[in-house]
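# Fold and contact review
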Amino acid sequence: VAITTRLLVSHLSGIRHYEKDIAKVKEEKEKANRALKLTKPYQDREQKEKEGKGIGKTEGDKSRKEHEGEVKSRNSKPGRRDKEFEQEEYYLKEKFESVIESLKIFKNDPLFFKPGSQFLYSTYGFTLLSAVVERVSGQKFTDYMLKMFRDLDMLSTVLDDNEAMIYNRARYYVYNKKGRLVNAPYVDNSYKWAGGGFLSSVGDLLKFGNALLYSYQVGQFKNTNGKLLPGYLKPDTVAMMWTPVPKTEVSWDRDGKYAMAWAVVEKKQEYGCCRQQRHYASHTGGAVGASSVLLILPEELNPEVVETGLVVPPRGVIVTIICNMQSVSLNSTALKIAREFDKQKWAQ
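Residues numbered from 1 in each chain as written. Predicted model: local features only at pLDDT ≥ 70, side-chain atom pairs only at ≥ 80, totals over all residues. Heavy atoms only, no water.

## Describing the packing of aromatic side chains
The geometry of an aromatic ring pair is captured by the separation of the ring centres together with the interplanar angle, meaning the angle of the planes. In the structure shown here, the tally under the stated rule is 11 aromatic pairs. The interplanar angle of 45° and the centroid separation of 5.6 Å between the aromatic rings of Phe-119 and Tyr-258 together place this pair among those described as tilted. Of this pair, Phe-119 sits in the loop between α4 (99-102) and α5 (123-137) while Tyr-258 is found in strand β5 (residues 257-258), placing the two residues 139 residues apart along the sequence. Of the two residues examined, Phe-119 and Tyr-258, each falls in the buried class. For the pair Tyr-124 and Tyr-191, a centre-to-centre distance of 6.4 Å together with 55° between the ring planes defines the contact as tilted. (Phe/Tyr/Trp six-rings, centres within 6.5 Å; stacked < 30°, edge-to-face > 60°. Helix = DSSP H or I, 4+ residues; strand = E, 2+ residues; numbered from the N terminus. Buried < 20%, exposed > 50% of the residue type's maximum accessible area, 1.4 Å probe, protein only.)

What follows is the structure, given as structure tokens:
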């Protein structure tokens, strides 16, 4: 088989995630799909109620709230452990000197499916991507990334290296089986720098989001007389990264598809005065004792404004949340915040 970098970046490679048993992976996927089918009618009804002002409450509201209450109480119980965090490899303590060396963890394992045929989120797929970067650049992947962060002015973004003294590094927390808050266990992330090995701040992630949004939009602005500098990436590159890839899915956003290292929701409206879907890109992050999200909601640019050059990019809303707690779902919160700021902006 042939595995391309495009397949790796869209999680279509067939390389396993932390779970080694393909039967268990399929079982979990089926459970997730069944749960989505059960909750979708309630979510759709709730959306219609928000859009149809003055519609009275029905018996369906009560059953929906009861259903959501049961799900919430079941899922938010202290001590509940995410299935993914039950995998032993999440808690590796071995230190790897290079990403090439860390490939030994999974390089001899069978593929779960033919590359390109199915979607399976894989941290190890990104470990392999980082090995490609290391070989092509002729530099250690970590050195390559730290230089890139410096170019982006992300001076607080560093490796989550246990040995290094890092100013203002937060402590990580988890709930134990008894529901008590405890310190997260020690881990060494050198086996997955690309998939979850960097420390950052909300300020740096906002810079990163603005740099991407600027790169995405700068090509649309005309008559700037050379006043606008080029983006860090080409506009077409970001557009490609934010274009949904067939056969992909997103567990944390039912409207989205996976693109290239980003979850993307496309602009969509099927009927007048009905539900409108805005285009945005996001990604969540989960590690031992920490959770995060970065969401970018580009502004829908007015052609006249673009032509006259009265405004400059980036235009839109960027939301990032980082918390030192494991297994916290943040994407829906980030989207609500982004929509609120977007709404206030257009109301002015």
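## Considerations on the state of the cysteines
Among covalent bonds in proteins, the disulfide is the one between the sulfur atoms of two cysteines. What the rule picks out here adds up to 0 disulfides. Residue Cys-273 stays outside any disulfide, its sulfur separated by 6.9 Å from that of Cys-274, the closest cysteine. (Disulfide = S-S within 2.5 Å.)

## Digging into helix α6 (residues 141-151)
All buried positions along α6 are accounted for by Phe-141, Thr-142, Met-145 and Phe-149. Summarising the axial view, the buried residues of α6 lie within an arc of 95°, below the 170-degree limit, and thus occupy one face. Exposed side chains of α6 directed beyond 90 degrees from the buried face belong to Lys-147 and Arg-150. Looking at the buried side of α6, the elements it contacts are α4, α5, β1 (158-159), α7 (193-196) and β4 (198-199). (Arc of directions from axis to C-beta. Contact = heavy atoms within 4.5 Å.)

## A short note on the environment of Ser-130
For Ser-130, the location among the structural elements is in helix α5. The sequence separation of Ser-130 and Val-99 amounts to 31 residues, and the corresponding C-alpha distance is 6.8 Å. Those residues in contact with Ser-130, other than ones at most four positions away along the chain, are Val-99, Phe-141 and Ala-194. One polar contact links the side chain of Ser-130 to the main-chain carbonyl oxygen of Thr-127, over a distance of 2.5 Å. (Polar contact = N/O pair within 3.5 Å; in protein donor to acceptor, adjacent residues only side chain to side chain.)

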